[in-house]
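An overview of the molecular structure
Single-letter residue listing:
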Amino acid sequence: MLNFDYYNPTRIVFGRDSIARLQELVPENARVLVLYGGGSAEKNGTLAEVEAALAPRTVMRFGGIEPNPAYETLMQAVQLVRQEGLDFLLAVGGGSVIDGTKFVAAAVEYPREDPWHILETFGAKISSALPLGCVVTLPATGSEMNHFSVVSRKSLQAKLPFASPHVFPRFAILDPVKTFSLPPRQIANGIVDAFVHVIEQYLTYPVNAPLQDRYAEGLLQTLVDIGPRALATPQDYDLRANLMWAATQALNGLIGAGVPQDWATHMLGHEITAMYGLDHAQTLAVVLPPLLDLRREGKREKLLQYAERVWGIREGSDTARIDQAIARTREFFASLGMKSRLGDYQISAEAVPRLLAQLEAHGMDKLGERQDMDLELSRRVLEACL
Ligand code: NZQ
Ligand code: ZN
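Let me sum up the structure you'll find in this document. (Residues numbered from 1 in each chain as written. Chains lettered and ligands numbered in written order. Predicted model: local features only at pLDDT ≥ 70, side-chain atom pairs only at ≥ 80, totals over all residues. Heavy atoms only, no water.)

**Overview of the packing of aromatic side chains**
To describe a pair of aromatic rings, you give the distance between the ring centres and the angle between the ring planes. Across all of its chains, the model carries eleven aromatic pairs by this definition. Arranged with centres 6.1 Å apart and planes meeting at 70°, the rings of Tyr71 and Phe103 form a pair that is edge-to-face. Highlighted residues: Tyr71 in helix α4 (residues 71-84) and Phe103 in helix α5 (residues 95-108), separated in sequence by 32 residues. Assigned by exposure class, Tyr71 and Phe103 land together as buried. Ring-pair connections join several aromatic residues into one group, and the members of that group are Phe195, Tyr306, Trp311, Phe332 and Phe333. (Phe/Tyr/Trp six-rings, centres within 6.5 Å; stacked < 30°, edge-to-face > 60°. Helix = DSSP H or I, 4+ residues; strand = E, 2+ residues; numbered from the N terminus. Buried < 20%, exposed > 50% of the residue type's maximum accessible area, 1.4 Å probe, protein only.)

Set out below in C-alpha cells:
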C-alpha cells in the first residue's frame, strides 16, 4: 500500500538563455553570495552572465569549492556570509557547489558552534537555513531539485550526507548550453550518477507501485539511449537538454515516493571517494555490478523485471537473465569510458579492511532496502570490486 509524504518546492526554469531570469527570481533587495567551483564557470562566461542578471543588487563571490566539497572550505564561506550580512546564496556549478551551498545555508543559522554536527546527525537538527537558488552547469546529481547534500571533511577522511527540507533550492536554472564546456569525463560521470540514482530507488523489491517502476524504467532507457550520443556530439542542444532533465528527475524524489530504497552503492562509494579520491560516479560504476550480483536473491524479482524491461532480455533461466542484465550494466558503463574495477585505479586488497573500518565508524553496518547488508556482506562486495 502506497503511503508517503512528497514535498518539493523547487521551481525549475529550463532552457537556452534562462540565466537572465535571475532578475525576477532573486528578491530585489537581496544581498547575494555567488558560490562557485574551481573556475569553469568563470572561464565559460556563466559567472559574468549571472552577475549581469543580478545587477544592481549587492553581489559578492566565493570561489574555490572543490569536487566533493570540503567542510574546511565551506566554513570560510560561512564566515564571509556572517561578516558581510549576506542573505541569499546562489550556487553556480555542479553538484559539489550546490551541495556546498546547502551546507553553508544551514550552517550560517545553525545554533551549535561547530556545524559539523549537521553531518553527524544527517541534518535532523536543522531548523532554518538561508534561502538559496542555483544555476546548474553539470547534469548529474539532481541536487538542484532535492534536499540532500554530501560534505567531506578532509581531516577525518569522512564524506557524509545530510538532508533537510530547509535546504531545498528555491529555484534552479538549467540552461543546457552551459554544459557544452564539460569534458567527456564529467559527462560520463553525470550519466552514470543519474543512472545509479534511479537504480537505488527502483532495483529493490516490488511493492505494487507500477507508475514509479515505469517512470524509473523510462529514465533508465532514456539515459541508455542518449548517454553515449550526448558524449559523442557535445554541442547537440537537444541531447544535452534531455540528459539534463533526466538527471534532475532521477533524484527529485518522485520515483522514490512510497517505494523501498537501497543506497548501499552510494554509501560504499562515498567511503572510496573519501579515502582514495575517485570521482563520485567512478565509485558507483565500480560498486554497483558486484553489489547486484551478491544481493541477487533479495533483488530477484526486480532484477528480472530490469533485465526484461530495460535491456529486453527474455531468454534463458532466471540466473542467466540476471547475469546478462548485470553484464549489460557493466557494458553500458564501459561504453561511456568508465572503468569498473578498483584495480583500474590502482587500489588493491589492502583497501578492503580500511574501507570497512570507515563504514563501521560511520554506522553503515545495516545498509540496503532491508537494512540487512552488514559489514560481512560489504566486505564481500568490496572484494568483488577489486
Ligand atoms: O570546479 P569547476 O572548475 O567548476 O569544475 C567542475 C569540477 O571540476 C567541473 N565542471 C562543472 N561544470 C562545468 C565543469 N567543467 C566545465 N564546464 C562546466 N559547465 O566538473 C567537475 C566536477 O564537478 P562536481 O560538482 O564535483 O560534479 P557533480 O555534479 O558530479 O557533483 C558531485 C558531488 O555531488 C555529490 C557527490 O557525492 C559529489 O560530492 N552528490 C550529491 C547528491 C545530492 N545532493 O543529491 C547525490 C549524489 O549521489 C552525489 O552523492
Ligand atoms: Zn550519486
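After presenting the structure, the write-up continues.
**A few points about the coordination of the zinc ion (ligand 2)**
Here the zinc ion (ligand 2) is held by the protein donor atoms Asp193 (OD), His197 (NE2), His266 (NE2) and His280 (NE2), which lie 2.0 to 2.2 Å from it. Sequence spacing among the residues donating to the zinc ion (ligand 2) works out to D-x3-H-x68-H-x13-H. Here His266 is found in helix α10 (residues 264-276), whereas its partner His280 is found in helix α11 (residues 280-294), with 14 residues between them in sequence. Residue His266 is classed as buried on the basis of its relative accessible area of 5%. Its relative accessible area of 17% is what places His280 among the buried residues. (Donors = N, O, S within 2.8 Å, 3.2 Å for Na, K, Ca; no water.)

**Looking at helix α13 (residues 318-335)**
Across its 18 residues, α13 extends 26 Å between first and last C-alpha, which sits within 8% of the 26 Å expected from 1.5 Å per residue. For α13, the set of buried residues is Arg321, Ile322, Ala325, Ile326, Thr329, Phe332 and Phe333. Mapping the buried residues of α13 onto a view down its axis gives an arc of 135°, with all of them on the same face. In this fold, the buried residues of α13 make contact with α7 (184-202), α8 (210-232), α11 and α12 (300-311). Phi turns positive, to about 85°, at Gly337, one or two residues after α13. (Expected span 1.5 Å × (residues − 1). Arc of directions from axis to C-beta. Contact = heavy atoms within 4.5 Å.)

**Observations regarding the pattern of salt bridges**
This structure, assessed with the given rule, holds 23 salt bridges. Of the charged contacts, one joins Arg185 and Asp279 as a salt bridge, the two residues approaching to 2.7 Å between their closest N and O atoms. Here the residue Arg185 occupies a position in helix α7, and Asp279 occupies one in the loop between α10 and α11, the gap between them amounting to 94 residues. Residue classification places Asp279 among the buried residues on the basis of a relative accessible area of 13%. A salt bridge links Lys299 to Asp262; the nearest nitrogen and oxygen atoms lie 2.8 Å apart. (Salt bridge = Lys/Arg side-chain N within 4 Å of Asp/Glu carboxyl O.)

**Considerations on the site of ligand 1**
Taken together, 32 residues form the shell around ligand 1, and within it Gly38, Ser40, Gly95, Ser96 and His197 come nearest. Gly39 places a main-chain nitrogen or oxygen 3.1 Å from an oxygen atom of ligand 1. Interatomic distance of 2.9 Å between a backbone N/O atom of Lys178 and a nitrogen atom of ligand 1. A total of 960 Å² of accessible area belongs to ligand 1 in isolation, and the protein chains cover 89% of it. Every element with two or more residues in the shell around ligand 1 is listed here: α5, β6 (148-153), α7 and α10. Looking at the shell around ligand 1 residue by residue, the class counts come to nine nonpolar, 19 polar and four charged. (Near = heavy atom within 4 Å. Polar contact = N/O pair within 3.5 Å; in protein donor to acceptor, adjacent residues only side chain to side chain. Areas by Shrake-Rupley, 256 points an atom, 1.4 Å probe, with all protein chains shown as cover. Nonpolar A, V, L, I, M, F, W, Y, C, P; charged D, E, K, R; others polar.)

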